[in-house]
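Observations on the model geometry
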Amino acid sequence: MDIPASALMCAAQLAFQQNDYKRAASLYARGVEAFHSDGDTRGETIGLSQLGTVAHLQNDYSQAKIYYERAVQVAREHGHGYGMAMPLTNLGIVAMQEAEYDRAAMLLDEAIEMLRGLGLEQKLAVALGNCGNLEFRRGRYDEAVVIHEEVLAMKRAIGDSLAVGHTLGGLALAEIERGDDARAEELLSEALVIFDDIDKKDGIAQVLEALARIAQDRDQLERAARLYGGAAALQAEIGVTHHPADLDRYQKK
């Protein structure tokens, strides 16, 4: 019996939420095939974008870009605005994480323009938040804080707790660079509660690394070592590593 594409996507999303990326990728791929067979190009673009996200989270940038670019192509051909905007956002994130900052800005700007036109506030907040991450990686910490503060208010109003957690983390990192470790610690504590509640291991690892950085700044070296070790164990468990644009930052810790 053929399993409906929608059922495959639901099962894939459940595996994804459980950090079982191998199973999620297999189910998303089957969902994409089913959508393609059904002639459902909108579903196909969403499935392709999700396949890109699974590869992306495991830092397989080349495969992620293949899926994202295919999603954009199918969406353009069939006029699916949403199906085009989200993989464009994700391509911008990949470019940022590979330190291609001008390309990242171009892709994010295109996605933001589309999302504003579609009135998709939640996805718009995600794209804007990544503009904050881009400013952070460019060393423009004051600008990053301004953007993250605006985006945090948007995400709180929407009620997207996972997105709030990510923005709290991004804001905290910028505050650390600005020397406000006390505020960063408060932000990270809130983010940790959010990530822990949904067992978001990559988010927990990022928080632990940021807390380790604060401990290191305070010469609390034993605490810093424990926190870095905990973050590394979680990252190994789910198969993620640092992005190329961040390697220098973390190799100096």
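Residues numbered from 1 in each chain as written. Predicted model: local features only at pLDDT ≥ 70, side-chain atom pairs only at ≥ 80, totals over all residues. Heavy atoms only, no water.

**Considerations on the pattern of salt bridges**
Put simply, the rule is: What makes a salt bridge here is a side-chain nitrogen of Lys or Arg within 4 Å of a carboxyl oxygen of Asp or Glu, nothing more. Secondary structure elements are taken from DSSP: a helix is a run of H or I of four residues or more, a strand is a run of E of two residues or more, and numbering for both begins at the N terminus. For the exposure calls, accessible area comes from a 1.4 Å probe over protein chains only, and a residue counts as buried if that area is under 20% of its type's maximum, exposed if over 50%, partly exposed in between.
With the rule as written, the count across this model stands at 17 salt bridges. Here K65 ties to E98 by a salt bridge, and the two come within 3.1 Å at their closest N and O atoms. Linking K65 in helix α4 (residues 61–78) with E98 in the loop between α5 (81–97) and α6 (101–118), this pair joins segments that are 33 residues apart in sequence. A relative accessible area of 24% means that E98 is categorised as partly exposed. The residue K200 makes a salt bridge to D202 at a minimum N-O spacing of 3.7 Å. When its relative accessible area of 12% is taken as the criterion, K200 is described as buried. Accessibility expressed as a relative area gives 10% for D202, which makes it buried. Counted as one network, the salt bridges with shared partners bring together D142, E149, E175, R178 and R183.

**Re the packing of aromatic side chains**
Threshold: Each Phe, Tyr or Trp ring, with Trp reduced to its six-membered ring, pairs with another whose centre is within 6.5 Å; inter-plane angles below 30 degrees give stacked pairs, above 60 give edge-to-face pairs, and intermediate values give tilted ones.
Taken as a whole, this structure holds two aromatic pairs when the rule is applied. Geometrically, the ring pair formed by F16 and Y21 is tilted, given 5.8 Å between the ring centres and 45 degrees between the ring planes. Y21 matches F16 in its accessibility class, with the two residues each being buried.

**Overview of the confidence of the model for the protein**
Put simply, the rule reads: A residue's pLDDT is the confidence the predictor assigns to it, expressed on a 0 to 100 scale.
Summarising the model, the protein shows a mean pLDDT of 92, and 96% of its residues fall at 70 or more. Within the protein, the element-level pLDDT minimum falls on helix α13 (residues 247–251), averaging 62, and the maximum on helix α10 (residues 181–197), averaging 97.

**Structural notes on unusual backbone geometry**
The backbone of N59 shows a phi angle near 60 degrees, a positive value even though the residue is not glycine. For N59, the location among the structural elements is in the loop between α3 (41–57) and α4. Phi angles above zero are rare outside glycine, and D219 is one such case at about 60 degrees. Within the secondary structure, D219 sits in the loop between α11 (201–217) and α12 (221–238). Take D219: its relative accessible area is 63%, and that puts it in the exposed class.

**Some points on the packing of helix α1 (residues 5–17) against α3**
Put simply, the rule is: Axis definition: a line fit to C-alpha positions, over the contact stretch in the case of helices; interaxial angles, taken between N-to-C directions, run 0 to 180 degrees. Note on angle classes: values under 35 degrees are labelled roughly parallel, values over 145 roughly antiparallel, values of 65 to 115 roughly perpendicular, and the remainder oblique. By definition, turning the near helix anticlockwise from the far helix through less than a right angle yields a left-handed crossing, and turning it clockwise yields a right-handed one. Here, two residues are considered to be in contact whenever any of their heavy atoms come within 4.5 Å of each other. Three categories are distinguished: nonpolar for Ala, Val, Leu, Ile, Met, Phe, Trp, Tyr, Cys and Pro, charged for Asp, Glu, Lys and Arg, and polar for the others, with Gly belonging to the last.
Contact geometry for α1 and α3: axes closest at 12 Å, N-to-C directions at 20 degrees. As summarised for this structure, α1 and α3 are arranged roughly parallel, according to the angle between their axes. Viewed along their axes, α1 and α3 form a crossing whose handedness is left-handed. Facing M9, Q13 and F16 of α1, the residues of α3 in contact are I46, G47, Q50, T53, V54 and L57. Class assignment for the residues of the contact of α1 with α3 results in five nonpolar, four polar and no charged.

**Considering the side chain of D181**
Counted only if it meets this: The charge count treats Lys and Arg as positive and Asp and Glu as negative. His and the chain ends do not count.
By the element assignment, D181 lies in helix α10. Buried charge without a partner: D181 forms no salt bridge, and the closest opposite charge is R218, 4.8 Å away. What D181 contacts, discounting residues up to four positions off in sequence, is I176, I214, D217 and R218.

**Comments concerning the environment of I176**
Looking at the secondary structure, you find I176 in helix α9 (residues 161–177). Classification of I176 as buried rests on a relative accessible area of 5%. Apart from residues lying up to four places away in sequence, I176 is in contact with D181, A184, A210, R213, I214 and D217.

**Some points on helix α7 (residues 121–137)**
Note the following rule: Expected helix span is computed as 1.5 Å times (number of residues minus one).
Look at α7: 24 Å from first C-alpha to last across 17 residues, which is about the 24 Å you get at 1.5 Å a residue. With 12 of 17 residues buried, α7 is to be regarded as a mostly interior element. Every buried residue of α7 is accounted for by L124, A125, A127, L128, G129, N130, C131, G132, L134, E135, F136 and R137. Looking one or two residues beyond α7, the residue adopting positive phi is G139, at roughly 80 degrees.

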